[in-house]
Amino acid sequence: MKVNIAILTVTDTRTFENDKSGAILVKKIEEASHNLVDRKICKDEKEDIRKILQVWINKKDIDVIITTGGTGLTGRDITPEAVNEIADKHIPGFGEVFRTISLKTVGTSAIQSRACAVLANGKYVFALPGSSGGVTDAWEGILKHQLDINHKPCNFVELFPRLKEK
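Residues numbered from 1 in each chain as written. Predicted model: local features only at pLDDT ≥ 70, side-chain atom pairs only at ≥ 80, totals over all residues. Heavy atoms only, no water.

1. Digging into the sheet that holds strand β1 (residues 4–10)
Strand order in the open sheet made by the six strands is β2-β1-β3-β6-β5-β4, with mixed pairing throughout. With partners counted over all chains shown, the strands left at the sheet margins are β2 (35–42) and β4 (89–90), one partner each. Where strand β5 (residues 116–120) lies against strand β6 (residues 123–128), five bridges are found, and the strand directions are antiparallel. Along β6, the bridge assignment pairs Ala117 with Phe126. (Pairing = 2+ DSSP bridges. Helix = DSSP H or I, 4+ residues; strand = E, 2+ residues; numbered from the N terminus.)

As structure tokens, then:
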């Protein structure tokens, strides 16, 4: 099953020409035979991030949103706060598993990541670090499997029809 994905790079410095993490995600999405529906870059401004996410969670042709950047500890790192504003439910296990995977690649520096995931209007929203290593760890260790309908014992894709149940 092809998943329709949008990518948002959150950065004060990158452009499409030098957005390495965004480019890695584009490549991984293509390799998994999913559809890249939209890709944007925006500054580390909470309201700008929230506005883009709000538009995307209301589009029928988007199933998953992946952000990269703004999940660290500095004053400008504001992506998790923006994601929180559109969240219906949090998926705490995503951040926990991500940091466990990162522990193997960056050691205790993994504790500095606030990578997270939520459900918003029946869409999955994943906030990943802006580093190429963090994006790769998240895709290879979690998203590649959870966005594959054939992954057992369960996966995010098989839940799509039930995400908006009341």
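That covers the picture; the talk isn't over yet.
2. A short note on the environment of Ser113
Relative to the helices and strands, Ser113 is located in the loop between α4 (92–106) and β5. Assessed through its relative accessible area of 14%, Ser113 is described here as buried. When the C-alpha atoms of Ser113 and Leu128 are compared, they prove to be 8.5 Å apart, with 15 residues separating the residues in sequence. Ignoring anything within four residues of it in the chain, the contact list for Ser113 reads Thr71, Phe98, Arg99 and Pro129. A polar atom in the side chain of Ser113 sits 3.1 Å from the backbone nitrogen of Ala115. (Buried < 20%, exposed > 50% of the residue type's maximum accessible area, 1.4 Å probe, protein only. Contact = heavy atoms within 4.5 Å. Polar contact = N/O pair within 3.5 Å; in protein donor to acceptor, adjacent residues only side chain to side chain.)

3. Description of the pairing of strand β3 (residues 64–68)
Summarising burial for β3: five of the five residues are buried, a large majority. Where β1 lies against β3, five bridges are found, and the strand directions are parallel. Considered in β3, the bridge of Leu8 is made with Thr67. Where β3 and β6 come together, five bridges link them in parallel fashion. Note on β6: the bridge partner recorded for Ile65 is Val125.

4. Quick look at the packing of helix α2 (residues 46–57) against helix α3 (residues 79–86)
In contact at an axis separation of 9 Å, α2 and α3 are set at 40° when each is read in the N-to-C sense. Classed by the angle they form, the pair α2 and α3 counts as oblique. In this structure, the crossing between α2 and α3 has a hand that is right-handed. Here Lys46, Ile49, Arg50, Leu53, Gln54 and Ile57 of α2 lie close against α3, whose contacting residues are Thr79, Glu81, Ala82, Val83, Glu85 and Ile86. (Axes fitted to C-alpha atoms, helices over the stretch in contact; angles between N-to-C directions. Parallel < 35°, antiparallel > 145°, perpendicular 65-115°, else oblique. Left-handed = near helix turned anticlockwise from the far one by under 90°.)

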